Protein chains: 8
Amino acid sequence: MDNELLRETLKSIEKGELSVDNAFANLKKMAFSDIGFAKIDHGRAYRTGHDEVIFCPGKTPDQVRKIAIELGTCGKLLATKATMEQYKAIKEEFEEVIYYKSSGTITLKAEETENTGSVLILSAGTSDQAIAEEAIVTADFLGSESKLVADVGVAGIHRLFSHQEEIDKANVIIVIAGMEGALASVVAGISTVPVIAVPTSVGYGASFNGLAALLTMMNSCAPGVAVVNIDNGFGAGYLAHIINSGSN
Amino acid sequence: MDNELLRETLKSIEKGELSVDNAFANLKKMAFSDIGFAKIDHGRAYRTGHDEVIFCPGKTPDQVRKIAIELGTCGKLLATKATMEQYKAIKEEFEEVIYYKSSGTITLKAEETENTGSVLILSAGTSDQAIAEEAIVTADFLGSESKLVADVGVAGIHRLFSHQEEIDKANVIIVIAGMEGALASVVAGISTVPVIAVPTSVGYGASFNGLAALLTMMNSCAPGVAVVNIDNGFGAGYLAHIINSGSN
Amino acid sequence: MDNELLRETLKSIEKGELSVDNAFANLKKMAFSDIGFAKIDHGRAYRTGHDEVIFCPGKTPDQVRKIAIELGTCGKLLATKATMEQYKAIKEEFEEVIYYKSSGTITLKAEETENTGSVLILSAGTSDQAIAEEAIVTADFLGSESKLVADVGVAGIHRLFSHQEEIDKANVIIVIAGMEGALASVVAGISTVPVIAVPTSVGYGASFNGLAALLTMMNSCAPGVAVVNIDNGFGAGYLAHIINSGSN
Amino acid sequence: MDNELLRETLKSIEKGELSVDNAFANLKKMAFSDIGFAKIDHGRAYRTGHDEVIFCPGKTPDQVRKIAIELGTCGKLLATKATMEQYKAIKEEFEEVIYYKSSGTITLKAEETENTGSVLILSAGTSDQAIAEEAIVTADFLGSESKLVADVGVAGIHRLFSHQEEIDKANVIIVIAGMEGALASVVAGISTVPVIAVPTSVGYGASFNGLAALLTMMNSCAPGVAVVNIDNGFGAGYLAHIINSGSN
Amino acid sequence: MDNELLRETLKSIEKGELSVDNAFANLKKMAFSDIGFAKIDHGRAYRTGHDEVIFCPGKTPDQVRKIAIELGTCGKLLATKATMEQYKAIKEEFEEVIYYKSSGTITLKAEETENTGSVLILSAGTSDQAIAEEAIVTADFLGSESKLVADVGVAGIHRLFSHQEEIDKANVIIVIAGMEGALASVVAGISTVPVIAVPTSVGYGASFNGLAALLTMMNSCAPGVAVVNIDNGFGAGYLAHIINSGSN
Amino acid sequence: MDNELLRETLKSIEKGELSVDNAFANLKKMAFSDIGFAKIDHGRAYRTGHDEVIFCPGKTPDQVRKIAIELGTCGKLLATKATMEQYKAIKEEFEEVIYYKSSGTITLKAEETENTGSVLILSAGTSDQAIAEEAIVTADFLGSESKLVADVGVAGIHRLFSHQEEIDKANVIIVIAGMEGALASVVAGISTVPVIAVPTSVGYGASFNGLAALLTMMNSCAPGVAVVNIDNGFGAGYLAHIINSGSN
Amino acid sequence: MDNELLRETLKSIEKGELSVDNAFANLKKMAFSDIGFAKIDHGRAYRTGHDEVIFCPGKTPDQVRKIAIELGTCGKLLATKATMEQYKAIKEEFEEVIYYKSSGTITLKAEETENTGSVLILSAGTSDQAIAEEAIVTADFLGSESKLVADVGVAGIHRLFSHQEEIDKANVIIVIAGMEGALASVVAGISTVPVIAVPTSVGYGASFNGLAALLTMMNSCAPGVAVVNIDNGFGAGYLAHIINSGSN
Amino acid sequence: MDNELLRETLKSIEKGELSVDNAFANLKKMAFSDIGFAKIDHGRAYRTGHDEVIFCPGKTPDQVRKIAIELGTCGKLLATKATMEQYKAIKEEFEEVIYYKSSGTITLKAEETENTGSVLILSAGTSDQAIAEEAIVTADFLGSESKLVADVGVAGIHRLFSHQEEIDKANVIIVIAGMEGALASVVAGISTVPVIAVPTSVGYGASFNGLAALLTMMNSCAPGVAVVNIDNGFGAGYLAHIINSGSN
């Protein structure tokens, strides 16, 4: 819990403006509401700057729907890796939600906001599209101007170099690559901004579902790279946004 | 190679200010100088914003010394994971270098610069000190105001919460933890800024030299976390600095 | 075999109350009955305090049914990770069995018993529900008063702290978490009682089907934690019960 | 932080017995004292029932000594996996400390206390002695009556069965085994109490420094077993004690 | 190629009984016949004592059928891990083949032979039945008298001890176990004959599809154990038979 | 980018034959064309000697079709691991494409070319057929005379030795083997030419989907062996061709 | 415990020849003697046919000496992987012990026995000598006529074939190989007897200290192979002896 | 054994020029000579084109010396990964041997030969020097003209592009890289010739002693790459030579 919040609450008690029992109850109530199988974290935006996001795998459509109701009250909602069924359950409550099929990302945005800054997403191959979509939808949803340059893997590295201008303009770059994942090191070697690397499970055999790319990115010989989980386009988009929004 | 640089060089040829052979030679020469066993990357600062850093393991003291001579001409130098012998070899050439013993980091800084922004480094235990030192020395060297709060592991999580104020002020946070590495998730859950997680090889048995902490951090249930290599304090300090310097 | 049992049997022989052949036969018969593909361990309650439990995967519905007939003679029965088909096969014989769908747990309990003590089950996320159900049904079946607090993962750690009172009252705590599994360390740091950690296979990518959470929990920097197999809600419930029942 | 503690502090403010600033300061001060490289967790006994224990690897003798001074003020101290040098550094301050050489465990106990309950430690082979020593010294230090039965591995399983009486009397059993680690399953099959399994790094080749034993114990076909980290005798001793002390 | 065969062929040439070209052709022809996608190894019985066996996975029903025609000319045939389709393809050619459904083993045996010696197969649980079936059918097919004792896992180890007599009579013992695989060590500790251990993929979570059992068996603290591949009932049955047939 | 190409372009500018802007545009245009989700690498043949090949997994049939249109303009096309749907999508545009079903390889070859040199493909078992097909189709497509000798695994090693003549005539040998993958070492010990080893995922249990064969081949005690990814018949065929075409 | 032994003891009680207390005491005493840190398993020869063997790693020289005194009373002793210090400690008590330096094996044999049967040991390279020595000394000590053929790895497979005669005469074959471990499959393909495979830690890089050879041997495409632990020459020698001694 | 050799020997017998016993003896003698602990493979040059090479680790200096005497009779010798002691042992017999210290490679070459063709070795960093030395010395020893370009890792990828001319001239390229090993993919994307990739153990943390680089290279998105063992400079040099020598 935030120290300032605690201090102010303590002061209100001292001044007699707040009874102990009420203070105690409020402190907890502010933080989350309990719907049985889940505790909706209403305090998250206060603590981390952003609302809770629904990670859909392993939840029933009905559970997803109920969490969405709690979270979507102010007209904003982000859900990731959702199935068609989970999407439909949310749509029953929120007509305007958009469903991005490749990645299963769901967004609800009350009004058009003007995004700022610049997040550049570079993907190594056409097969990495789903994860790239998850990343760009997330960064856009949170308020970052985002651009995807697809299919610039190192087998034809000149395709990457033809985008040097976009690389130079970005505040932060997301690199998405499966197979050997070498793109992250190369990009970090020609860029001045933070590079977030997303290994994908694209590949076969000794790619071991993304482990090869993960290790490659972890061992980047160029500094300025950090890595998120395999196929975690959401995590990369989120992190890119908070870096980007601090850069303006 | 940078597109702008290429375009300008092309223009100089068009204007007749530059012969083709000279242009060709220059384009290569600008980029690096070759000392046989190594190619010193003088173009790196141009491309990535910072000079090449000497990664010392596997190099002889004499190799380290020669690379230092090439890189240190403008009075700045950063070398990581250096042994005492490698340090002494550099000191022969640069009297003013500083050697940080826990981590083996070496710095040379011509004049006192005023650092800006705010990088907060949180380490889980006393045993993580070497990696924390590498991170803070790196971030400081590059120009970021940095602060270390040590020994705030989750076994006594109130120690962490008592530093909420510093957490709230930071532009970027580095979390350094071995054993189970749980600190990164907790910090990301109470912070609005990017969290760079550094797994360390502290631990024994099923820590598998840092693999356990690495996987923990990779799977963080709180967004906003990205991970660098095990024991890579330098990489975290570097990345934190470029995020921090973009935030001002 | 139990020393006391052996000694008493030996005494009966000495006194001439029991022939050698009968003693020999009885000693074996007491222990189990053989139904061909399985040996029902009737002596288990005598040795370990509890009857054998049916682990359903890999058994045909008919095998499960036959084992249930052998074990359920005194009106009690526990079966884990059962499919709907296996449940139906048991139901043919025992009308009153209850089937818990999320986890596939089956229970039969002749009469209502009054449970005692206190087992607290904390789960990190909604997706861990199946395993939490298996744990709570098991502990309840065996005779422990059990309570589940769901969705208190470390991304919003205040949700956990609001349950400090329940934590303080428990005799033993089960922590169920997938992804990075950090919850176990945090709970052990704020509790005086044994913590049984259950890694779950919830997650993706570098969670490696629960391996990440398992390693995290194994390396807990807070003492007082021990770990059971990935997704082993039954094992945790069983162990929690025998700790709890010794605590009163 | 403990809810009761918080509520009482709040009440004292309401009654005017405590100023806000003092309350704020006290709440933090009660929890730990900061000696720069470490934060001594004085609140741990309050939260978890036991003082902080010094995990020695990766700390300098001087750091260990300083932490010992902070923690040992009330004449009690436990340190694990200490080298001879670390032991000597502590001995300078506390003359009466005892050093257990096989395991590197250090204890300081002001006065003779009478231990209660019963912890039984079963080790599979002579080579597991160091870890067994760490476990028994820990449990004894914390206040549990403890007994070690060494060298009862499954290659000669009758050696185990001859100790059935001790197994029946124990409140909790620690099983320590390297190589294939099969002892834990066998013990759990003939006992009614919790079994804490400690895999050790004893073995070679495909034991992979204890990984084989860890996996064996994790997959125990007998319920009632939970596992701590490889070579973690301390963790097992600690957990055994808190189970044992709850059992009386 | 066998030295004796080579020497005799050389002698026939010397004596003029055999031309060089014919000798050369024959030497190759004796060894195998080529049916395009496969080379049927007719020389295997000569070299290893037994005909080639059809490993069915990855082959089309038609390929299996054609290989069966080549191998089954003398009325004997063994095929493993076959699907129903592969079985039907063989049955078209050989009406009398028997199909064992649990394991997918297929046998064809021209006339009733009298098996000799004694192979004992001990399986840990009911779920290991498929692999046990593959082992016993294989050993029986090759000519060994075989007996299966199922469900004698170490959780109720007295079930095993009640079969000491059969253990004492066997020439070789096959131990089949999944989960933690501890049974092999226990059996080797109470037996004087070779123990062939078969880890099975029965289990979940940290059993990692049989890896845990494999490592357990590899690290057996009792000598006299060797291990075959996970789920390799055929390999165990084959090896048991050649040990058994040498023992009479 | 190729130095010669760069130098010539620079010269054209110097001579005034080419404006800077046109030169800049051309340099990029020559390299690839952008169809949104993919950048077709038209410069690849110039750089590597061969056109881009379509790796089909993870692409929609429509994406595959569109890429094929871009690449197939000169009547040649190679696509690997394609499904029937992807094949049909290509066939809509190019009537003459051939589909190899076992491996899912697709080829389009405008006119009959005469292949030269000699690539020998040795596969260990019938189950390795799909990968062998991918290798031979690839080598043939690129212009190498190729021959497959199937089912010469080391369990009947004389089958291999009867092909010594073909081994002696080859310019390069591809060895394809799953299970234990021992064939590569044996072949390298009796051959003077480069051996490309392809581990396959054929096997079960501890083959870990080809990992066992991969490690075997990596550790070959005979020199002259290099390894490609598990099941990567295409990569082996490609590499074999470029070795073979250099050998004439 | 042996059923026959139990039955006879029971009969003695029935006949009044043995009191219950004495019977009880004797049954335990027969099995082992307790020297504190170890329980010497005097019943092992009765149960398994051979005395306990001293596995030296992790034991102090003094512990080894004391165990040797207990075990060596009848003039026979086998100890494995002993250091020079451990050897000297035993030599103090038993002047006639022999120390095999490469493997650290120690033997004591009262009188010359005539060995029978035939164990053939094939090692792949000169570097595997230590493990081969451990295997041959073990088999010889136990009473098997043993022969070593060294350096017959598959890189020059004709070296192996020149020993076909010895292969044909052996009752059992031990194959010892590091690196890729392919020798076991080849040998099993040309032999009619059981093959015990010993992976060794010889190799580097992706041999992963013997894991590559272990997996190779586990996946042998030729049946008749079983595998013991990496570097476990003792286990192979022991198993070979009990197979061999059953074969006469 | 070579078919031609066999056929000719058979013919000599037929013609009466050779007795059976002599033929039999010769066939074996030609192949190798037996010096007890090793079988020197004199037939290897006949079979594979090159003499046996001494892999030094795990051999005593005296063993290395004796093998060198057998192999070095015609004045040529290659030994790898030798210690100073092993070198000195060889030097006693062959005064002119050269010792390359970084890699421990030893060569003896009777007279100066003129090397032909072109092998290009590209190494990623200065720390990869030892492996690069092993590769270049091997290729040179066998007869290939070789050139090393060091320190062209992807963090400053322009350093690589400045060597495009050498890349275009090579017949085969060896890429040596540790850490993330991305260099191999980039090189394969800009070259028309075979690329042999050597992962090195340079790196730390999640490089896992070269495993990360190995997986990266295995998963190269650019075709034309094959991989040898971690740190296997010899294997790469050998394979490069046989490709190179076939290319002229």
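Up top you'll find the structure we're talking about.
Note that this is a predicted model, so its numbers are computed, not measured.

Rules of the game
- All residue numbers refer to position in the chain's written sequence, counted from 1.
- Each chain takes a letter, starting from A, and each ligand takes a number, starting from 1, following the order in which they are written.
- Since the coordinates come from a predicted model, pLDDT governs what is reported: local features require at least 70, and pairs of side-chain atoms require 80 or more to be given and counted, while whole-chain, interface and lining totals use all residues.
- Side-chain descriptors were evaluated using all non-hydrogen atoms of the structure, hydrogens and water having been removed beforehand.
- Numbering goes from the N terminus for both helices and strands, where a helix is a DSSP run of H or I of at least four residues and a strand is a run of E of at least two.
- Throughout this description, buried means an accessible area under 20% of the type-specific maximum (1.4 Å probe, protein chains only), exposed means over 50%, and partly exposed covers the range between.
- For this analysis, residues touch if any pair of their heavy atoms sits within 4.5 Å.
- Throughout, the Shrake-Rupley method with a 1.4 Å probe supplies accessible areas, and for residues the shown protein chains are the sole cover considered.
- Strands are treated as partners if at least two bridges between them are detected by DSSP.
- With axes taken as lines fitted to C-alpha atoms, and helix axes fitted only over the stretch in contact, angles between N-to-C directions fall between 0 and 180 degrees.
- Least-squares superposition of the copies uses the C-alpha atoms of those residues scoring a pLDDT of at least 70 in each of them.
- For any pair of parts, buried area is found by adding up, for both, the accessible area (1.4 Å probe) each one loses once the two are put together.
- Put simply, a salt bridge is a Lys or Arg side-chain nitrogen that is within 4 Å of an Asp or Glu carboxyl oxygen.
- N or O atoms closer than or at 3.5 Å make up a polar contact, with two conditions inside protein: a donor-capable atom paired with an acceptor-capable one, and, for residues adjacent in sequence, both atoms drawn from side chains.

*Asks:* Got a minute to help me understand the overall build of chain A in this structure?
*Replies:* Secondary structure assignment for chain A yields eleven helices and eleven strands. Residue burial in chain A is summarised as follows: out of 248 residues, 64% are buried. Within chain A, contacts between residues separated by at least 24 positions form 64% of all contacts whose residues are at least 6 apart in sequence. When the accessible surface of chain A is summed, it comes to about 8,500 Å², and 50% of that surface belongs to carbon and sulfur atoms.

*Asks:* Before we go on, may I ask you to explain the sheet that holds strand β4 (residues 76-80) of chain F in this structure?
*Replies:* Strand pairing in a sheet is mediated by backbone hydrogen bonds. Such pairs are either parallel or antiparallel. Residue and element names in this part refer to chain F. One open sheet accounts for four strands, arranged β3-β4-β6-β5; its pairing is mixed. Looking along the sheet, the strands with just one partner apiece sit at the ends: β3 (54-55) and β5 (98-100). Pairing geometry for β5 and strand β6 (residues 105-109), over three bridges, is antiparallel. For Ile-98, the partnering residue across the bridge sits in β6 and is Thr-107. In the packing of helix α6 (residues 129-142) onto the sheet, contacts are made with β4, β5 and β6, and the angle to β6 comes to roughly 15 degrees.

*Asks:* How should I be thinking about the relation of the copies chain C and chain A in this particular structure?
*Replies:* Put simply, the two copies of the chain differ by a rotation about an axis and a shift along that axis. Superposition of chain C onto chain A requires a rotation of 90 degrees combined with a translation of 0.0 Å along the rotation axis, giving an RMSD of 0.1 Å. Taken together, the rotation angle and the small translation identify this as a four-fold axis. For chain C, the smallest separation between a C-alpha atom and the rotation axis is recorded for Phe-208 of chain C, amounting to 7.4 Å.

*Asks:* Quick question: what am I supposed to make of the pairing of strand β4 (residues 76-80) of chain H here?
*Replies:* Two faces belong to every sheet, and in a regular strand the side chains alternate between them. All names here are of chain H. Burial within β4 is extensive, with four of its five residues counted as buried. Across two bridges, strand β3 (residues 54-55) lies against β4 in parallel orientation. Each residue of the ladder has a partner; that of Phe-55, found in β4, is Thr-80. Of the strand pairs in this sheet, β4 and strand β6 (residues 105-109) are connected by four bridges, and their pairing is antiparallel. Residue pairing in the sheet places Ala-79 in a bridge with Ile-106 of β6.

*Asks:* Can you walk me through the interface of chain B and chain A in this structure?
*Replies:* For an interface, size is often stated in terms of accessible area lost upon the parts coming together. On the side of chain A, 39 residues touch chain B, which itself brings 38 residues to the contact. Summed over both sides, the interface between chain B and chain A buries roughly 3,000 Å², with carbon and sulfur atoms accounting for 56% of that surface. At the junction of chain B with chain A, the criterion picks out zero salt bridges. One can count three residue pairs in polar contact (both at pLDDT 80 or more) joining chain B with chain A. If you list the elements that add at least two residues to the side of chain B that touches chain A, you get α3 (44-48), α8 (164-169), α9 (183-189), α10 (211-218), β11 (225-227) and α11 (233-246) of chain B. The element best represented in the side of chain B that touches chain A is α11 of chain B, accounting for six residues.

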